[in-house]
Amino acid sequence: MTTRDLRHFLIELEADRSLLEPDQFRRRMDALDDLETLFGGLDLPAFGNNSFPALTHRRANVIRNQLEGVNSDIYRSIRFELMRGARPEILFRWFQTSASCDGATCPTPGLAYDYQDELLSGILQLREPEKSHIYPGPEMMFYQPTPVRHILRLLSASALSETDILVDLGSGLGHVPLLASILTGARSFGIEVEGSYVASARECAQNLCLSRVQFVEQDAQAADLSKGTVFYLYSPFTGSILTNVLDKLRNESAARPIRICTLGPCASIVAKEPWLKASTLPDGEKITLFQRSF
C-alpha cells in the first residue's frame, strides 16, 4: 500500500463507528488483523516523532486500542455473566449458526483457527502452563487446542445435552470441556496426563464458577470411563495407547449407549474398529461421530 492508501484506510476505519458496536466482533477482528498486517505491533518504528510515518503509526495504534478496548469490555461482561451462573445471550448468538451443517453453513474443514478462537481465548483467559517446553512421551501427540468451530460441531453432532457426561480424552488446557459446559450445561470431564495443563484448566473453571467441569490428571488408559456418554479424541495419542483406550470404550459400550467423536488422524484408525459405525465418511479435518454398530 502507498502512504496515501494507508491514510485512506485509517480514515475509513475511524469513520466506521459501527465497528465499536458489541455485536460486530468478527468485523472488529478483521480490522485488527488488517492493522497488524499493515502496521505491525504497537511499538513505533524508528521514525522522527513528528514525521508522517510516525504520526500514521500512532493513529493506527489509537484505532487498535479502541477496538481492543471494546473486545475487552465484551470479555469482561461475558465472564461476569458466567461467574453469576447466567448463560450469556450474546455468546449464544455468535455461536448459534456455527455448528450447523446444511451446505453453505457447514463448518470449514481444516485445523486452522479463526476469530471464534480469539473470542473464546478472551473469555477463558487461560493461564499459560508453568512449563515452557512440554514434550510428549512415546505414542503421545503434541497438544493443539481444538478449533472452536469444531467444538461447536462436536456439540451439534453428538446432540450433547444437560443429561450427558462429556469426557475429553487428552483435554490439554480444557477448551472442549469448558465450552461444552458453558453452552450446553452438560457435565464435562477432561482427562489429561500433563499436570501443568490440568492446573491451568482447573484454575479457569474455578475463576468462572463452572461447577460442572472437572479436570483429572491421569493417563487415559487408567481413567474411569464408566460415567461418560460422549467421548472426544483429538488424536491425543497413537499406537498401543490408542488401542488400549478404544478397548476400554468398547467395554463401556457393551454396558450402555455411548457416542465417540474424533478429530484429526485418529479418525481413520477409529473407523477400522469393527464395533463402531461412523455417521459420516470419516475425515480427519472434520468432526466424525461414531456409535456402536450392533
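Procedures and definitions
Residues numbered from 1 in each chain as written. Predicted model: local features only at pLDDT ≥ 70, side-chain atom pairs only at ≥ 80, totals over all residues. Heavy atoms only, no water. Helix = DSSP H or I, 4+ residues; strand = E, 2+ residues; numbered from the N terminus. Buried < 20%, exposed > 50% of the residue type's maximum accessible area, 1.4 Å probe, protein only. Areas by Shrake-Rupley, 256 points an atom, 1.4 Å probe, with all protein chains shown as cover. Patch = residues over 30% accessible without salt bridge, like charges linked within 9 Å, V, L, I, M, F, W, Y side chains within 5 Å. Salt bridge = Lys/Arg side-chain N within 4 Å of Asp/Glu carboxyl O. Lys, Arg positive; Asp, Glu negative; His and termini not counted. Charge placed at Lys NZ, Arg CZ, Asp CG, Glu CD. Pairing = 2+ DSSP bridges. Axes fitted to C-alpha atoms, helices over the stretch in contact; angles between N-to-C directions. Contact = heavy atoms within 4.5 Å. 1 Å grid on protein atoms, 1.4 Å probe; cavity = no way out; pocket = protein on both sides within 12 Å on 5 of 7 lines; lining within 4 Å. Points joined across faces, edges and corners; volume = space filled by probe spheres on them. Nonpolar A, V, L, I, M, F, W, Y, C, P; charged D, E, K, R; others polar. Core = buried A, V, L, I, M, F, W, Y, C linked by side-chain atoms within 4.5 Å.

1. Some words on the overall build of the protein
Next up, step 1: Per the secondary structure count, the protein includes 10 helices and seven strands.
Next up, step 2: Expressed as a percentage of the 294 residues in the protein, the buried residues total 46%.
Next up, step 3: Split by element, the accessible area of the protein, about 14,800 Å² in all, is 52% carbon and sulfur.

2. What about a negative patch on the surface?
Next up, step 1: Together, Asp30, Asp33, Asp34 and Glu118 make up a negatively charged patch on the protein surface.
Next up, step 2: Ranked by residue count, the leading element in the negative patch is helix α2 (residues 25–39), at three residues.
Next up, step 3: Mapped onto the elements of the fold, Asp34 is located in helix α2.

3. Notes on the sheet that holds strand β5 (residues 259–262)
Next up, step 1: Here we have seven strands laid out as an open sheet, ordered β3-β2-β1-β4-β5-β7-β6, and mixed in their pairing. Either end of the sheet is taken by a strand with one partner, and the two such strands are β3 (213–217) and β6 (276–278). Adjacent strand axes in the sheet meet at a mean angle of 25 degrees, parallel and antiparallel pairs treated alike.
Next up, step 2: As judged from the three bridges shared by β6 and strand β7 (residues 288–292), these two strands associate in the antiparallel manner.

4. Remarks on the environment of Leu178
Next up, step 1: On the secondary structure map, Leu178 appears in helix α7 (residues 175–184).
Next up, step 2: Along the backbone, Leu178 and Ala201 are 23 residues apart, and their C-alpha atoms lie at a distance of 8.4 Å.
Next up, step 3: Ignoring any residue separated from it by four or fewer positions in sequence, one finds Leu178 in contact with Leu124, Leu126, Leu173, Cys204, Ala205, Leu210, Val213 and Phe215.

5. Quick word on the layout of surface pockets
Next up, step 1: Here the largest pocket defines a volume of roughly 630 Å³.
Next up, step 2: What lines the largest pocket is a set of 35 residues, and nearest its centre among them are Met141, Phe142, Tyr143, Glu192 and Pro236.
Next up, step 3: The class makeup of the residues in the lining of the largest pocket is 21 nonpolar, 10 polar and four charged.

6. Here we look at the pattern of salt bridges
Next up, step 1: This structure, assessed with the given rule, holds 11 salt bridges.
Next up, step 2: The closest approach of N and O atoms between Arg76 and Asp73, which form a salt bridge, is 2.8 Å. Separated by three residues within a single helix, Arg76 and Asp73 lie in helix α3 (residues 52–83), roughly one turn from each other.
Next up, step 3: One salt bridge in this structure joins Arg84 and Glu81, with 3.1 Å as the shortest N-O distance.
Next up, step 4: Overall, the relative accessible area of 54% leaves Arg84 in the exposed class.

7. A short note on the nonpolar core
Next up, step 1: Counting 60 residues, the largest nonpolar core has Leu35, Leu178 and Tyr232 as its most contacted members.
Next up, step 2: Looking at this core element by element, the count peaks at eight residues for α3.
Next up, step 3: Counting residues in hydrophobic clusters, the runner-up holds 23 residues, among them Ala220, Leu246, Cys266 and Trp275.

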